[in-house]
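Notes for the structure review
What follows is the residue order along each chain.
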Amino acid sequence: MQNFLFAEDWLLRLFLIWIRTSTIFVAAPFWSHSLIPPYIRILAALGLSYALAQNVYIPMPTSGGAGAIVVAILWQLFWGLIISWIAQLTFAGLQMAGHLVGTMLCFAMASIVDPVTQSDNPILGVLFTWLGLMVFLAFNGHHLILMAMARSFEVESLALQAVSQQQWTELGLQAGKLFLFGLQMVSPVVGLLILTDITIALAGRLSPQIPIMVISFAVKILTGLLGLGLCLYFFSESVMRFFTQQMAWVETWFKIASGPR
């Protein structure tokens, strides 16, 4: 029979773990979805925190009073927000890809409310986001986030130690990778649309009597839809590879940033 001990230090450790865990349930993809009721997320974060409190080590502030506790809380928030931010880069890249293709196809004027971000986004941006979410759930990306959060407790430092400027720069450069990821996702569409624009321009020059403005929209939309079909061929593999690389990178960065154990 398990004994439930509610000592002061144990409650403080549970609270600190809950801070990091609840941040994941507030900011990370899927776990922060608005369709999940807030009380479900609170209870899930509390249950996961209790399970982790039995098996992981977390450094406790032994001196400094309330100031040390505030620093420890901020450190837990830092961990959770960084992991959530890195995980969100995949979906930001998909939204950027949808914006780019939607603008080239003249779909940018039509927008709907994205249930994931609760904001107005072009139709293709919402489509890419939902496709990415389905792939994300198919390869258990939501589990990878929790695993990365659990493994983050292996780091024993309460504050960053000797982080070089290059390491902080690498953290910022990770955000830039979303543009590369988004462009890679829709490169077939962009290439086909550029060739279509060149072809339409040449046809208009060679035969001025052709109503280019009338047929160009239909031709571009048809070409764009064919290009989107090509993108779907490698869509799932690209999303899975980029997301797993992001999660592996954030674990490596935190191990370096927190210094030797």
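Our structure is the block above this text.
Conventions used here
- Residues numbered from 1 in each chain as written.
- Predicted model: local features only at pLDDT ≥ 70, side-chain atom pairs only at ≥ 80, totals over all residues.
- Heavy atoms only, no water.
- Core = buried A, V, L, I, M, F, W, Y, C linked by side-chain atoms within 4.5 Å.
- Buried < 20%, exposed > 50% of the residue type's maximum accessible area, 1.4 Å probe, protein only.
- Helix = DSSP H or I, 4+ residues; strand = E, 2+ residues; numbered from the N terminus.
- Contact = heavy atoms within 4.5 Å.
- Phe/Tyr/Trp six-rings, centres within 6.5 Å; stacked < 30°, edge-to-face > 60°.
- Lys NZ or Arg CZ within 6 Å of the ring centre and 35° of its normal.
- Axes fitted to C-alpha atoms, helices over the stretch in contact; angles between N-to-C directions.
- Parallel < 35°, antiparallel > 145°, perpendicular 65-115°, else oblique.
- Left-handed = near helix turned anticlockwise from the far one by under 90°.
- Nonpolar A, V, L, I, M, F, W, Y, C, P; charged D, E, K, R; others polar.

**Some thoughts on the nonpolar core**
By size, the foremost hydrophobic cluster in this structure holds 56 residues, and its most contacted members are I24, L94, I145, M185, V239 and M247. At 13 residues, helix 3 (residues 66-104) tops the list of elements feeding residues into this core. Not counting residues within four places of it along the chain, the set of residues in contact with I145 comprises I24, A28, P29, I83, A87, F136, F243 and M247.

**Structural notes on the packing of aromatic side chains**
Two descriptors summarise a pair of aromatic rings, namely the distance from one centre to the other and the angle between the planes of the rings. Scanning the model with the defined rule gives eleven aromatic pairs in all. On the basis of an interplanar angle of 90° and a centroid distance of 5.5 Å, the ring pair of W75 and W79 is categorised as edge-to-face. Of this pair, W75 and W79 both sit in helix 3, separated by four residues, roughly a single helical turn. Here W75 and W79 have matching classes, each one buried. For the ring pair F91 and F136, a centre distance of 5.5 Å and an interplane angle of 70° mean the geometry is edge-to-face. Placement of F91 in helix 3 and of F136 in helix 4 (residues 123-138) is noted, with a sequence separation of 45 residues between them. The class of F91 is buried, set by a relative accessible area of 7%. The ring of F153 carries R20 above its face, with NZ or CZ at 3.9 Å from the centroid.

**Section: the packing of helix 1 (residues 8-27) against helix 2 (residues 38-53)**
Two numbers describe how helix 1 lies on helix 2: the axes approach to 8 Å, and their chain directions differ by 130°. In terms of their interaxial angle, helix 1 and helix 2 are classed as oblique. As helix 1 packs across helix 2, the resulting crossing turns out to be right-handed. Between helix 1 and helix 2, the contacting residues are W10, R13, L14, I17, W18, T21, S22 and F25 on the first element and R41, I42, A44, A45, L46, L48, S49, Y50, L52 and A53 on the second. For the contact of helix 1 with helix 2, the residue count by class is 13 nonpolar, three polar and two charged.

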